[in-house]
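# Structural features, examined
These are the residues of each chain, in order.
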Amino acid sequence: MDAARTRVLIVNADTREAGRLRGVLEGTEAQAMSGHLFRVECVTSLTDAAEQLTRDDITIVLLDLALLPADNLETCGQIRALAPDALLLVLAEAGDEARARAALQCGAHDFLLKGDTDARWLARTVGHALERRAAARALRFSETRFRAISDASPLGIVVTDAQGLCTYTNDAYQSMSGLDARHVAGRHWSCFIHPDDRARVQLEVAAVLQSAKTFSGEMRLLQRDGEVVWARMHAAWMTDDGAPQGCVQTVEDITDRKKAENALLQAEEALFDERERAQVTLNSIGDAVIATDSQGRVSYLNQVAESMTGWSAPEALCRPLSEIFAVIDGTSRVVATNPAERAIAENRRVGLAMDCLLVRRDGVELPIEDSAAPIHDRRGRVTGAVIVFHDVSQSRAMAIRMAYMAQHDFLTGLPNRALLTERLAQAIGQAARHHKQVALLFIDLDFFKRINDSLGHAVGDQLLQCVAERLIGCVRATDSVCRQGGDEFVILLAEIEQPQDAAGVADKIHQAFLEPQQVGGHTLQITLSVGISVYPDDGNTAEAMMRNADIAMYHAKAQGRNNCQFFTPEMNERAVQRLLIEGGLRRALGNQEFRLHYQPQINLASGAVTGAEALLRWRTPDHGLVSPTQFVPIAEECGLIVPIGQWVLREACRQIRAWQDRGLCVVPVAVNISVVELRRPGFAESVARILYETGVPPHLLELELTETRLMQDAESSMSVLRSLKSIGVKLVMDDFGTGYSSLSYLRRFPFDVLKIDQSFIHDLDSEDGDAGIVGAIIGMATHLRQKVVAEGVETEQQLALLRIRQCDAVQGHLVGRPMEADGFAGLLAGGMPAR
Ligand SMILES: Nc1nc2c(ncn2[C@@H]2O[C@@H]3COP(=O)(O)O[C@H]4[C@@H](O)[C@H](n5cnc6c(=O)[nH]c(N)nc65)O[C@@H]4COP(=O)(O)O[C@H]3[C@H]2O)c(=O)[nH]1
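Residues numbered from 1 in each chain as written. Predicted model: local features only at pLDDT ≥ 70, side-chain atom pairs only at ≥ 80, totals over all residues. Heavy atoms only, no water.

Word for word, the UniProt comment on the protein under Catalytic activity (unreviewed entry) is "3',3'-c-di-GMP + H2O = 5'-phosphoguanylyl(3'->5')guanosine + H(+)". (UniProt positions renumbered as here; feature names shortened; annotations may be inferred.)

Rendered as structure tokens:
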């Protein structure tokens, strides 16, 4: 029963009063009024009270204020300290309320006036005090529980007042904001939001809370050290009678989720970019691309594949590949193996068989080249295949065209050197097996260069085309007419019985060209030089056959052109010799191997030296002196005569100048000029320049031109000769009498001197020698007011006859051999005895 009683300690020095109070509290009325059963103990001093409080579990202490010193109410606090859970009520005299209130400040829970201590008031007061204490305890406990819940929550919790200033934050929020409670308290909740999000969130919160709803939104918090924390906030108003008292916010740290979302977003964007790139790439490349799944059903087509197959991507998707990508063998026309199937089955990259045709949806066939490769998933399993292919119609046509061009001459369409070599090698092989012969005809147009230079390249090209046609007309279909390049053609006669068959063809060719050609409005008479080599006698390889036919052709040229020559071994020697000379000539100028000798010309009437001919001498390190008759024609053929001729002109002029400078009475010096030089543009200017540079008067220079060569193209030489004449140099026609000059030409050509060819002079010695011809030449020259020089005078008899015929001057071994410049200077200094 005692355990259920509320224990009360009365501390009062007035034992009577204490007893009364005890009676009241333990009475039934007090119990009824308060709802408590009280057990009351009484002590009369504070000392006893302290002892009792330490010992017993006292619930209520009724302390008489009179026991306390008037100016010290600290005892209240000491009693509270001894029994913290006890309820301390102070009994005060009426009129002592001020001290009673002061006691409340010092730890007392309530006070009673001694006049109000009847059963009803005392019990009610004690009862109320107990209830308040219980309520306060419950509140404390509730607060403790709320704080524990709040601190245990992973969510941040913020409580603000009506102005939005933080009044409470839990641990989670503090760690999210990066601040402790002290720094958070009293600050506006929005301070912790990232500046970029702050205004937006404030607006949203204000809008939502105005309509009394709860707010929910995402934002960033910015910590003091710059760390950003993503948060989701829920907020709700606390109201009292509808008036906002503050706000409660829960804040969830969603940084990890945001990071994950961002990572996902980035991954999605990267994937999108990758797809887009792949898509654009696949549509931009010129190749068609088709992908299939592992069952061979189409899963992708790019735009090129759509146009090449004739199937749009939506139509083609999920259809069997063989339906969309129908390929057949171009030769057998059977269905070709599907490369995707092979790539999947063999799990490797495979190419399509050569010569495959893609049959488009509309039946059009396209030649294609392709390859297929398996597609793998992450674990390396084959999930399909991709075929890449392209239309090779153009490249095939191009390859055929290029192969043709590589083997044919673009101008005439004839097989070129490469194809000829191939065919010749085949023909030799076949002839060897069948014991037959093969003939090769090397054909060169005579004087083609002149036509090309004078009439232009367009006419030259047309002429070559006409020549090609005529040549084709001269042979059988089984023979090959080829163009070597330039004006050279080659005819291959496979399997002839005897060399005469080739001669027959050559003859037929010459006959065919007797007829003039009409080209570009010009009538052109063409002749050909033909060289023939025959297998096996003249070579058993294509190379030897070609070389020897070429040599034979050169020989034909040397024989005066417009003829045909079979190759002979001697020709080969000559060809070798020619090559050696050509090589030597190329070095000769640089090595200073040339010199000029001077042969005097004597006036027959006076016996004085009236002229000289400069004659070129070439002393080679290997073969000694080489005659101009040997090397000048070769130098003309290979064009070296131009730089050599310029050297001769300059050297002769330099020498004239040197003689003049020595005070000698210099006579005109004749320099031999090749028609090759004469026909080069700018020749006359070069002569003028050399005269100017060496300071030689033009009348001391004579230019000798051979009649035969000049007459081959008399018209084109005319203007150059006139230019030379205008410079003031004299012109000499050499070897006169051998070139069948027509009288009209002789009259028109501005020659000053005629040199009678040596052959006529030699004839003067013979029994049947015709002095009449020499006399006629001299007579004609006199008529044309030209000086006459007899060349190659070797005997007194020749000299006597020439004197009778009144020839102007003579040149020959009899009157003076070609000599060094110094020797000739001696002649000039000493004079020449008259004959
Ligand atoms: N049998 C004999 N021969 C005599 C007699 N007197 C002179 N000769 C030779 O006859 C040739 C005369 O020269 P060409 O008719 O102009 O014939 C020249 C000329 O056409 C050519 N040639 C010489 N020098 C040059 C040159 O500088 N330029 C050019 N383009 N041709 C040259 O080479 C040809 C031969 O020249 P070379 O061998 O020097 O031969 C010279 C000379 O040495 C003689 O009494 N009897």
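Next comes the rest of the account.
## Quick look at unusual backbone geometry
Most peptide bonds adopt trans geometry, and most residues besides glycine take a negative phi value. Cis peptide bonds are those with omega within 30 degrees of zero, and the linkage from Tyr535 to Pro536 qualifies with 10°. Mapped onto the elements of the fold, Pro536 is located in the loop between strand S23 (528-535) and helix H20 (542-558). In this structure, Phe447 is a non-glycine residue whose phi angle is positive, near 55°. Relative to the helices and strands, Phe447 resides in the loop between strand S18 (437-445) and helix H17 (448-455). The backbone of Asn562 shows a phi angle near 50°, a positive value even though the residue is not glycine. Relative to the helices and strands, Asn562 is located in the loop between H20 and strand S24 (564-566). (Helix = DSSP H or I, 4+ residues; strand = E, 2+ residues; numbered from the N terminus.)

## Some points on the pairing of S23
Of all eight residues in S23, eight are buried; the element is thus mostly enclosed. Here S23 shows two buried faces, one formed by Leu528, Val530, Ile532 and Val534 and the other by Ser529, Gly531, Ser533 and Tyr535. Pairing between S23 and S24: three bridges, direction parallel. Each bridged residue has a counterpart across the sheet, and for Val530 the counterpart in S24 is Cys564. (Buried < 20%, exposed > 50% of the residue type's maximum accessible area, 1.4 Å probe, protein only. Pairing = 2+ DSSP bridges.)

## Section: the packing of aromatic side chains
What the rule picks out here adds up to eleven aromatic pairs. Seen in terms of ring centroids, Phe594 and Trp618 are 6.1 Å apart; in terms of plane orientation they differ by 45°. Their pairing is tilted. Taken together, the residues Phe594 in strand S25 (residues 594-603) and Trp618 in strand S26 (residues 609-620) connect sequence positions 24 residues apart. Chaining the aromatic ring pairs together yields one cluster made of Phe594, Trp618, Phe631 and Trp647. (Phe/Tyr/Trp six-rings, centres within 6.5 Å; stacked < 30°, edge-to-face > 60°.)

## Let's talk about the sheet that holds S23
In spatial order, the strands read S19-S20-S18-S23-S24; together these five strands make up an open sheet with mixed pairing. In this open sheet, the two strands that pair with only one neighbour each are strand S19 (480-485) and S24. For this sheet, the mean inter-axis angle between neighbouring strands, taken without regard to orientation, is 20°. Sheet analysis places S18 next to S23, joined by eight bridges and oriented antiparallel. Looking at the pairing, Asp444 lines up with Ser529 of S23. (Axes fitted to C-alpha atoms, helices over the stretch in contact; angles between N-to-C directions.)

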